[in-house]
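# Summary of structural features
This is what each chain is made of:
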Amino acid sequence: MSLETVEHALAEFYCNQNVEVHKILLDFQNSVDAWNLVWNMLDTSKPHEIQFFGATTLHIKITKQWLQLKRTDYMLLRDKILDTLIKYYNSTGPSNVINKLCYCLCAYVVRTVPNHWPDAIPQLMETFRNSLSQSSINVSVMILEILMALPDEFGATTLIQTRRNEVRRELQQSSLQVLSIVDSILQSDSLDPIVVHALKCAASWLDIGFDLIKCHQLTDTFISVILNPERSQACVILAIDALKSLCTHPRTSVCEATVFEVLSKVIILSDKLFNLEITEEPNVVVDKLFDLFLGIGDQHFRLIVQGLLNNNTRELCTKFFNLYLTCTNAPGYYPVNENYSEKTFTFWFLLQDDLLSNDAGPDNSLLTIVKPLYVSLTQVLLKKVAYPENLESWTPDERELFRCYRQDISDTFTYCYFILQSEMLDVLLTIYKQVTCDRETAIAQWQTVEACLYAFTAIAEPLQNHDSHPHIKQLMSSLGSLPYEQIDQKAAIAAMDTIGAYYYWMETHPSYLDLIVPLLMMGLHNSNMFSSASIALRDIAKECRQSIAPYNDVILNTSMIALKQVKKPKEELRLMYTIGVILSAMPFPICKPSLDMFINPSLEVVTSILAIEENTEFVKNRSVLQNRIRVLSSLVSAIDQKHTVYHIIETTTPLLHMTAMKYFISSPEDILYAVVCEFLKTIVSKLQEDGSLALNVIIEILMIGFRKSPQPAGMILFKEIVIMFGRQDTYIPLIKSTYEEICMRVKFMFEQVSPTDQFSLSDVMESYLSLQGHIFRKWPFIAVDNPNVDFTFVFKLASEALCANEIFLAKTATFFLTAFISISREKRSLFKVVEDNGQFLVMKIICIIKGDAVKTNLDIMCEVLLMLNKKYSDNLRRWFHDIVTVQNIVLPNVTEDMKSKFFKRVLREKSNKKALQGAVREFSFICRGLIQIDPETES
């Protein structure tokens, strides 16, 4: 391809971004000729667009197609990059072209140090000092830009681990020299642009790794920049970032004395963080400073915690803890006025986790020191979790962030409880009593009432594992006196949530149900409280089946009224489930009238819809029919009494059969069929071992819809039937015949679509292979030796599915293939399938390895490869040879020697899945161009 062709294509691409022109440019970037032509494009007389495309192409060649370059050309390439970069800088070329050339040079360094270019970094600095013709300021900027880009390019480059370690060591050897240059620049009276470059360079190199003992003097330098009022905000922010890199690098943890020396200097910056005022928007510098101190807390929290026990460091460490508490207590509301406080939650988690995992128990000295801090933290969190008065004026995004923030505070309340135990309950109950001492106070201070109840709800789960606290009795007793009609609904909802959170407590304190049940019934009549009240009632009913029995009539009667008023389908389903729990605890003769009272309205609606003859009218009511069946399914899912389930089967299956006959449609997405199958699946799970009453009609309904169009819901239902009844001789003939028909109809369905369109039916494919996988793993006798099932089709379908972009489909294919291959040696018919089609499967595996499928499939596919190697090792060796050598399939970026070594390594791994995955992943990344290696070094 000529330079004129590329330049013409580039000009046309900038005009209309034509796809064909884009392909021409990509072909050029992938060609070997590009190595030579880019230098013409980088001529300083060329238009800016051509220069930038040339620099971008050069960077792609070095990072992605290094193997195209001969070793003898390495030095020539280096010299050309250096000459071009110096030429551009001396002529003040476009900044984006210079920047890209800097990254080209750094990419070259990463590829060649230390074997082909020892002492690269000192040589670079010396070269630019001697070659740049402009002022010393520009020389400094140029050197800093290159040095800054080098760690970035190293981090962005994918290398094999041994090579990565080698390059990292080389960079670390130069880090002290680089940081010394940065330090000298920052201590001089350099202009802000130079300081900005120096600070960016420092942060990049500090991330690579350094010796804190030799570099800790940088702390003073960075702090001086931060405290210098003449420096721009950009300089201050970058200095804080660089200081954070210095203080929080993992390697610093080994130098405890030096860490404390650094922290004693850094703490001076905390003066900016106390006595903050509410602002309309978060302060960027304050945000960065909190980031710095929280990063120190995350990295060195154990050191800081232990420092509390040392007289020499206690005062310093106490200052850090007070600072974190100050950050949590940032003035204003998150996220409108501040965004700092949420950053502390990780620290509080790490602190309590460390205290409880490393120390003997609740009486150890560290806990004694830290407990007052957690008391203060609890009080702060109660303030921060409270709702603002003007929440309605916030944007939807702000309200959603605040909701997530409250959830984080809920978790942090739990951490406080782990430390404080009953002391936290004392704090919460004291504040709660203060704001609920009378109706007027509770109404006026509803935010604090809600916050206290929210905190009690948050710690309900850990409280379950401890002895009963008298605080909960006082809390529950007080809930009855809240002015529910006058108080803000958020507080009333929180009361319902609190009742639900302590559902387990009701089992051991049934006398409190006299108070709680009426409150929940009141909640069911209130549209705002309904959701929380119904959740609480559901959980209490499940936990306290015997204790709640005296209230069954009240609950059922109230629920019947509430069902007529409920608007949301999800809430109706939840209440029906609760009703099922209540009915399940009653003997069938007693519960039958109530059961009919709840199911008959739905059955009447279904009957009336089925009576509609006009198709257009039925379509309008189709969603109503689906919802009624969902309601019945929710009721059944909570019932575990055999006679009650049988009664529901008797009353519903005739209507469901009629529904199937009249209204199932020929569509792979028939929602009505899916809803009916879900209901029947629930029924099947309740039948236990006696399916004589319903199994025939259930399978008949299943197959009515499946014959019209195979759907996942039908196969999921059939899988449940196989799980429940697959080993019972009575039902095996029926199950076998149904399995056979399902296989035939799925095969016919896929035969009607082209191979390229098969993945449009991925949900059908996934459920079908899942069914097959379960059968071959647990009940192979259902499938094996069935002459009417084409296992070759199933095997090839699963092989194709291994290459799917959908991760769950690839996993399901693996699930089936490993099960099938593992038993195939024992069954002649299955053995022949693998022997005849194994090479097809291996071809798909190689296609995944060489990059024809997403990377996520690699680890999954290795399970199949491992199973093949266990059961068909000799065949696998032959299949590999035929595909790679005889058919000569192209594996990009690898030599014949590398192929040979890889396949030998694969054939050696017959049990170690992790080792196989590592080998396959590395080889695949080389094929995909994600890892660049030197073939001569590799050999």
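Remember, predicted model here, so these are calculated numbers, not experimental data.

Glancing now at the packing of helix α37 (residues 732-751) against helix α38 (residues 762-778). Running from amino to carboxyl end, α37 crosses α38 at an angle of 145°, the nearest separation of the two axes being 12 Å. When the axes of α37 and α38 are compared, the crossing they make is left-handed. Contacts between α37 and α38 pair Y739, I742, C743, V746, M749 and F750 from the former with V764, M765, Y768, L771, Q772, I775 and F776 from the latter. Per-class residue counts for the contact of α37 with α38 are 12 nonpolar, one polar and no charged.

With that settled, the discussion passes to α37. Between its first and last C-alpha atoms α37 spans 28 Å; for 20 residues at 1.5 Å apiece the expected length is 28 Å, and the two agree. Listed in full, the buried residues belonging to α37 are I732, I735, T738, Y739, I742, C743, V746, M749 and F750. Take α37 and look down its axis: the buried residues cluster within an arc of 140°, on one side only. Among the exposed residues of α37, those oriented more than 90 degrees off its buried face are P733 and F748. Taken together, the buried residues of α37 touch α35 (695-708), α36 (712-725), α38 and α39 (791-801).

Turning next to the pattern of salt bridges. Any two side chains of opposite charge can pair, on the condition that their charged atoms come close. Throughout the structure, instances matching the rule amount to 33 salt bridges. Residues E166 and R163 are paired through a salt bridge, measuring 2.9 Å at the closest nitrogen-oxygen approach. Highlighted residues: E166 and R163, both in helix α9 (residues 161-187), separated by three residues, approximately one helical turn. D596 is paired through a salt bridge with K592; the nearest N and O atoms lie 3.0 Å apart. Here K592 and D596 lie together in helix α31 (residues 588-610), a separation of four residues that amounts to about one turn.

What follows deals with the packing of α35 against α37. Where α35 meets α37, the axes come as close as 11 Å, and the angle between the chain directions of the two elements is 5°. By the angle between their axes, α35 is roughly parallel relative to α37. Contacts between α35 and α37 involve L695, N696, I699, M703, F706 and R707 on the former and, on the latter, L734, T738, E741, I742, R745 and V746. Classifying every residue of the contact of α35 with α37 by side-chain character gives seven nonpolar, two polar and three charged.

Inspection of the entire model under this criterion finds zero disulfides. Cysteine C317 remains unbridged, with the sulfur of C247 as its closest cysteine sulfur at 14 Å. No disulfide involves C847; its sulfur sits 6.2 Å from that of C803, the nearest cysteine. Note on C847: relative accessible area 15%, which makes it buried.

Working note: α-helix, 3.6 residues per turn, so residues spaced by three or four point in the same direction. Between its first and last C-alpha atoms helix α22 (residues 446-458) spans 18 Å; for 13 residues at 1.5 Å apiece the expected length is 18 Å, and the two agree. Burial analysis of α22 places 11 of its 13 residues in the buried class, the great majority of the element. Considered for burial, the residues of α22 that qualify are W446, Q447, V449, E450, A451, C452, L453, Y454, A455, F456 and A458.

The next point concerns the side chain of E720. Residue position: E720 is located in helix α36. Once you skip the residues sitting within four places of it in the chain, E720 turns out to touch K681, V684 and S685.

Across the chain, the average pLDDT comes to 91, with 97% of residues at or above 70. Per-residue pLDDT stays below 50 along residues 359-363; that stretch engages in eight contacts with residues further than four places along the chain or on separate chains.

Let's shift gears to empty space enclosed by the protein. Taken as a whole and judged by the stated rule, the model has three cavities of 30 Å³ or more. The computed volume of the largest cavity comes to approximately 60 Å³. Lining the largest cavity, in full, are L603, V606, I629, L632, T652, L655, L656 and F679. At the level of secondary structure, the elements contributing two or more residues to the lining of the largest cavity comprise α31, α32 (615-637) and α33 (642-663). The element that contributes the greatest number of residues to the lining of the largest cavity is α33, accounting for three residues.

Calculation rules
- Residues numbered from 1 in each chain as written.
- Predicted model: local features only at pLDDT ≥ 70, side-chain atom pairs only at ≥ 80, totals over all residues.
- Heavy atoms only, no water.
- Axes fitted to C-alpha atoms, helices over the stretch in contact; angles between N-to-C directions.
- Helix = DSSP H or I, 4+ residues; strand = E, 2+ residues; numbered from the N terminus.
- Left-handed = near helix turned anticlockwise from the far one by under 90°.
- Contact = heavy atoms within 4.5 Å.
- Nonpolar A, V, L, I, M, F, W, Y, C, P; charged D, E, K, R; others polar.
- Expected span 1.5 Å × (residues − 1).
- Buried < 20%, exposed > 50% of the residue type's maximum accessible area, 1.4 Å probe, protein only.
- Arc of directions from axis to C-beta.
- Salt bridge = Lys/Arg side-chain N within 4 Å of Asp/Glu carboxyl O.
- Parallel < 35°, antiparallel > 145°, perpendicular 65-115°, else oblique.
- Disulfide = S-S within 2.5 Å.
- pLDDT = per-residue confidence, 0-100.
- 1 Å grid on protein atoms, 1.4 Å probe; cavity = no way out; pocket = protein on both sides within 12 Å on 5 of 7 lines; lining within 4 Å.
- Points joined across faces, edges and corners; volume = space filled by probe spheres on them.

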